[in-house]
Structures are given as C-alpha cells and as structure tokens.
Amino acid sequence: MNEPVRPEGFQRVSAALTRLRHPEPARWLEVSARTAQEAADALGVALGQIAKSVVFRRKADDTAVLVITSGDKRVDEARLKALTGPLGRADADYVKARTGFSIGGVSPTGFAPVDGLAPPQLYIDRELFRFELIWAAAGHPNGVFPLSPQQLVAMTGAPVIDVVQT
C-alpha cells in the first residue's frame, strides 16, 4: 500500500530530519494538533513535553524571532525583548511568509527559504530541559517528531535562554 502524499511543509521537515541524520522520522497524527494541548492529548504526554514554537516580529529589521518553549509555559516578552530589542506580533501571514509553515505546524527545522531574508532567529527556552523527551511540530498541524532538548540544540544551533513567565 502506498503512503499518502503529505503536505509540502511536512515533507520539507522530513527531508531536513533525514539530512540531519535525526534518528526518529516525522510522524503524521490522525488528528490535528494546532495547539500544544491538542498535541499533548494526541500523543499522551505531558503538556510541557510539547516544544511550542512562538514567533515574534523584531521591529528593528522585521526579522522573525522564534522561541521554542515548553507547551505549559508562556513567553515573557519583556525578558525576550532584553535579548532582541523591541518586538511586535507576528500574524498568520507573516509566520507563513517567514517560516514556510502555518501556525500550529511551525517546526524548528526545515524552514522554506525566503529570497533576500535571513531565516528566523531561534531561541530555545531552558524549561524544555525538564524533560528527557520532547515533541516538536513537523511542518503541519498533524506532523510531529520526537527528540531530546539536547538534540534540539544540536539540530538548530540556537542558544538556550530563560524567557518564560515565572
């Protein structure tokens, strides 16, 4: 039986995971997991194990700033601004244009190249390190892949910071 053709974002992340020699393939969920809670429920894991991607728009140069944090935490924008400078909200069109992913499927890898623009500036919040295994979006609300926080750092080269609300 042939595997169904998956959406382009999921395919892009799957290819990136192969290139990076990640030991676990992207997985397709039979239910949509647009929110961290939906993903945790679908996977039967703690909400904090979901590597939630939150995108901001840096005002100085319009660069996308992507913070990957635990699904049970909220990014403290004031703490993040101390590292990035002033930030604005990133609407769905901006997120899609700058990452190649729709909200609910923003992956930490496999970004679509955007002519003349730098890829998103990534940060990983330290709260993810409470868990041995986390789950990140794989380019579509139905796509996920497992990894450790250490693998996430190795995969992205992103700095680990403390930017969640206390």
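Our subject is the structure that appears above.
Residues numbered from 1 in each chain as written. Predicted model: local features only at pLDDT ≥ 70, side-chain atom pairs only at ≥ 80, totals over all residues. Heavy atoms only, no water.

Asks: If you had to explain the overall build of the protein to someone new, which residues and values would you point to?
Replies: From N to C terminus, the protein includes 5 helices and 8 strands. Going residue by residue from the N terminus, the α and β elements of the protein occur as α-β-α-β-β-α-β-α-β-β-β-α-β. Relative to the compact-globule value of 15 Å for 166 residues, the protein shows a C-alpha radius of gyration of 15 Å, a close match. By principal-axis analysis of the C-alpha atoms, the protein measures approximately 50 × 35 × 25 Å. (Helix = DSSP H or I, 4+ residues; strand = E, 2+ residues; numbered from the N terminus. Rg over C-alpha atoms; globule rule 2.2 N^0.38 Å.)

Asks: Please set out the nonpolar core residue by residue, giving values where relevant.
Replies: Of all hydrophobic cores here, the largest spans 27 residues; its most connected members are Val55 and Phe145. Those elements that place two or more of their residues in this core are helix 1 (8-19), strand 2 (50-58), strand 3 (64-70), helix 4 (92-99), strand 5 (121-125), strand 6 (134-137), strand 7 (143-147) and helix 5 (149-156). With residues near it in sequence (within four places) discarded, Val55 still touches Ala64, Val65, Leu66, Ala90, Tyr94, Val95 and Val106. Counting residues in hydrophobic clusters, the runner-up holds 9 residues, among them Val65, Val75, Leu87 and Ile161. (Core = buried A, V, L, I, M, F, W, Y, C linked by side-chain atoms within 4.5 Å. Buried < 20%, exposed > 50% of the residue type's maximum accessible area, 1.4 Å probe, protein only. Contact = heavy atoms within 4.5 Å.)

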